[in-house]
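Structural overview
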Amino acid sequence: MTLRPRPWLDVLEPYRPGRHAPTAAGSMASNESPLGVNPAVVAAVSAAATHVHHYPDPLATELRHRLAEQHGVDPEQILVGNGSDELIYLLTWAYAAHGGRVVCADPPYRIDEISAVVAGAQVSKVPLRDWTHDLTAMAGVEAELAYVCNPHNPTGTVCPRADLERFVAESRAGLVVVDEAYVDFADDPDDLTAVAMAAAGRAAVVRTFSKIHGLAGMRVGYLVAARPVIETLRAIRAPFSVGALAQAAAVAALTAPDYRDRVRRHTLDYRGRLTRLFRAAGYEVVPSQANFVLVATPHEEALTAVLADGGVAVRPGSALGHPGSVRVSVPSREGFALLEAALVDATALTAPTPGPRHEAIAELS
Ligand SMILES: *Cc1c(COP(=O)(O)O)cnc(C)c1O
């Protein structure tokens, strides 16, 4: 018989990863750590490499116990995954596959939508209002899963915890999944996090080591949820999805938190600089609580191209479901200098109609 992908996959718009610039400093497309690798992680991974003839611990016991202690939850309420993306796929498979429904923002974090389409679930996308989740509208949607990304990607905006608590109480979804990939970059992460709600069994929280811990290449994330949810996902997951080196790297990152603290300080400092730089150049910048900013521009492609000429890679908004913008990750000090120089060549793009600024440029050239 003829082999054909399942018909519901026809509408799938595959994930488009960010590009790398010619230099690490210029790479601002994927929200990676601008401070390079944590030396404590390199040492731990080298040491763990001597044991890779063994299968990894399927339940990442040491890591899980450390995380449980850090969050004040039971280790049985945590599942470690191959990046948080694996955990999102597992949640979708377990609770929404084959005709269930997920509700998320429009634009959502791309994986929330892609995993649902792959699993044959229906997706209800609720447009953002003022760049943030419209929780009131989302609460009315009957669905198995509701995804809230807090802070959101690609906007960097947050839903205050009081709003989230009301949403969890009022939502018609079976489970509210809060993706906290960027929570460590918020002004007050402890005040924002929904981990306590997850521990109480009323929501689930997804976290990652890819961002503040600088382990995007290692693939480690975790879920905090009620025990029945964790047990269900354990039963359907691939048992060895989190490698031994990844587990060792994550444990080392938790044990040596000075790297994390440096990344946080740098990010808050340079997020402010990044915002001021683009605003001074005439752009609207969405106030961000993450390690990137979203810059609104009617010239998405031209701005992306001009920055690429200057050695800077950013993520075009249309790849993230938000045409008319570019998303710029917080760079290193060197990266910021590259960006400053590259932006000078983009000045003409901020004059929406030919005006005095345009004419001045025309006279110069
Ligand atoms: C970067 C990111 C993640 C991290 O995914 P990993 O699979 O853990 O690398 C999760 N959620 C959002 C919204 C992100 O932007």
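Residues numbered from 1 in each chain as written. Predicted model: local features only at pLDDT ≥ 70, side-chain atom pairs only at ≥ 80, totals over all residues. Heavy atoms only, no water.

With respect to the packing of helix α2 (residues 61-71) against helix α10 (residues 244-255)
For any two helices packed against each other, one specifies the crossing angle of their axes together with the interaxial distance. The line we're drawing: Lines fitted to C-alpha atoms define the axes, with helix axes restricted to the stretch in contact, and inter-axis angles between N-to-C directions lie between 0 and 180 degrees. Helix and strand labels come from DSSP, where a helix needs a run of H or I of at least four residues and a strand needs a run of E of at least two; each type is numbered from the N terminus. If an angle is under 35 degrees, it is roughly parallel; if it is over 145, roughly antiparallel; if it lies from 65 to 115, roughly perpendicular; otherwise it is oblique. Left-handed is the label given to a crossing in which the near helix is rotated counterclockwise from the far helix by less than a right angle, and right-handed is the label when the rotation is clockwise. Contact definition: two residues touch when any of their heavy atoms are within 4.5 Å.
Where α2 contacts α10, the two axes come as close as 9 Å, and the packing angle between them is 30°. Judged by the inter-axis angle, α2 sits roughly parallel to α10. Crossing of α2 over α10 shows left-handed handedness. In this structure, α2 contributes Glu62, Leu63, Arg66, Leu67 and Gln70 to the contact, and α10 contributes Ala250, Val251, Leu254 and Thr255.

Focus on the site of the ligand
The condition that has to hold: Only a single heavy atom is needed: when it lies within 4 Å of a molecule or strand, its residue is near that molecule or strand. Whenever a nitrogen or oxygen atom comes within 3.5 Å of another N or O atom, the pair is scored as a polar contact, on the condition that within protein one atom can donate a hydrogen and the other can accept it, and that pairs from neighbouring residues in sequence are kept only if both atoms are in side chains. Shrake-Rupley sampling with a 1.4 Å probe provides the accessible areas, and residues are treated as covered by the protein chains on show and by no other component. Residues were grouped as follows: Ala, Val, Leu, Ile, Met, Phe, Trp, Tyr, Cys and Pro as nonpolar; Asp, Glu, Lys and Arg as charged; and all remaining residues, including Gly, as polar.
For the ligand, the set of nearby residues contains 13 residues, the closest of which are Tyr182, Thr208, Ser210, Lys211 and Arg219. Contacts to the ligand include Lys211, whose side-chain N or O atom sits 3.3 Å from an oxygen atom. Here an oxygen atom of the ligand and a side-chain polar atom of Arg219 are 2.6 Å apart. Summarising the interface, the protein chains cover 94% of the accessible area of the ligand, which totals 390 Å² for the free molecule. The dominant element in the shell around the ligand, judged by the number of residues it contributes, is helix α3 (residues 83-95), at 3 residues. A breakdown of the residues in the shell around the ligand according to their chemical character gives 4 nonpolar, 5 polar and 4 charged.

With respect to the sheet that holds strand β12 (residues 325-329)
As a reminder, the rule being used: Two strands form a pair only when DSSP identifies at least two bridges running between them.
Taken in spatial order, the 5 strands of this open sheet run β1-β11-β12-β10-β9, and their pairing is mixed. The outermost strands of the open sheet, each flanked by one partner alone, are β1 (27-28) and β9 (284-285). Relative to β12, strand β11 (residues 313-316) runs antiparallel, the two being bridged by 2 bridges. Across the sheet, Arg315 pairs through a bridge with Arg327, a residue of β12. In this fold helix α11 (residues 258-280) packs onto β9, β10 (292-296) and β12, with an angle of close to 10° to the strand it touches most, β10.

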